[in-house]
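# Working through the structure, step by step
The chain contents come next:
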Amino acid sequence: MVFLQLFLMLILILIAAQVFTNALEHLGEKLKISEGVTGSLFAAVGTALPETSIPLLALLAGTQNMATNHEIGVGAILGAPLMLATLSISLMAFAVWLRRGSQGHFHPEKHGLIRDLNFFIMAFVLAIVAMYVPHENAVVRAALSFGMVLIYFIYIMLTIRASKALVQDGHGTEADEEMYLNRLGLPDNMVVIVLQLVLGLVLLVAGAKGFIHGVEAAAALIGISTLLLSLLIIPIATELPEKVNSILWIRKGKDTLAFGNITGAMVFQGTLLPAIGIMLTPWEPRVEVLAGVIVTLLAAIWLRVMIARGQLRIWHLWVNGAMYLAYLAIVLG
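Remember, predicted model here, so these are calculated numbers, not experimental data.

All right, on to the packing of aromatic side chains then. Tallying each qualifying case throughout the model produces eight aromatic pairs. Judged by centre distance (5.4 Å) and plane angle (90°), the rings of Trp97 and Trp318 are edge-to-face. Here Trp97, found in helix H5 (residues 97–100), pairs with Trp318, found in helix H14 (residues 314–332); they are 221 residues apart in sequence, far enough to count as distant. Taking the relative accessible area as the measure of exposure, Trp318 reaches 23% and is therefore partly exposed. Ring centres 4.8 Å apart and planes at 25° place the aromatic pair Phe120 and Phe124 in the stacked group. Here the residue Phe120 and the residue Phe124 both occupy positions in helix H6 (residues 110–130), the gap between them amounting to four residues, near one helical turn. With relative accessibility at 1%, the residue Phe120 sits in the buried group. Phe124 sits in the buried class, given a relative accessible area of 0%. Taken together through their ring pairs, the aromatic side chains of Phe119, Tyr152, Tyr155 and Phe268 make up a single cluster.

Okay, structure coming up:
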């Protein structure tokens, strides 16, 4: 029954992601905004809600055991960007490997992707620094948390500011097919677009939540620690919306939307959530945690270097996947 639940929830997530991305493309087209804003802000924040809720619920209304709550919170906070920067990125390469070949290229809008990665790397460095600041030093920790929130605010401003020029350069969001609710006879207007967005988002959250419960039950059968469960298992479930949305877009040739969906979520989850974790948890450099943040940072830097060179190839993203396998070898060994 546990594995049947996992399968059914996966199907629900796949359907929800299709509904959500379809509506999001129409919203971006309606608002005349760039693919960068649609992917990095709208899609990234929207599909990040399931994994955002896990650490918040754990820290604010979790179990009676505070140590367990802290482990779930820290694991979920840091496991999400780890999964995005490594496994999620590499899955996009596998999705188009047969069509483009291992030496094939990705063509995302370069400046937006570099901006996403720059802000993520900057914030994640602060998150690592905070691990070595004693929990009793509340002033320094508060300053680091505020700095990370400020980083995300500046990121939003710069992303929106760049949108108009990108639209003029041909990077405007375009919908490829009719919106699903329009096929049922509903009009093509903003109200219906928002209605389908909400429907897709509700299905995504429900599917991810159901998948999490199934994964937790399966992990209990296997036997795994709470911290490893949070670092490895929960992010696989909660990051499914980003993975599926990006794979759908990359297969349609919408590289900017696909990458923006993942790197935008990395910025969101690499700034606001760690800022909360720094203030509400011990935020200490345990081996599993420190290995995770280092691998995540290396994966982001590798992607940043490759895109800056102007040629992002399929096999470059496989390196990110190999980093995830290396992390598994470290923590499970």
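What follows continues from the structure just given.
The next subject is unusual backbone geometry. Here Trp283, not a glycine, exhibits a phi torsion of approximately 50°, which is positive. Here Trp283 is to be found in the loop between helix H12 (255–280) and helix H13 (287–308).

What counts and how
- Residues numbered from 1 in each chain as written.
- Predicted model: local features only at pLDDT ≥ 70, side-chain atom pairs only at ≥ 80, totals over all residues.
- Heavy atoms only, no water.
- Phe/Tyr/Trp six-rings, centres within 6.5 Å; stacked < 30°, edge-to-face > 60°.
- Helix = DSSP H or I, 4+ residues; strand = E, 2+ residues; numbered from the N terminus.
- Buried < 20%, exposed > 50% of the residue type's maximum accessible area, 1.4 Å probe, protein only.

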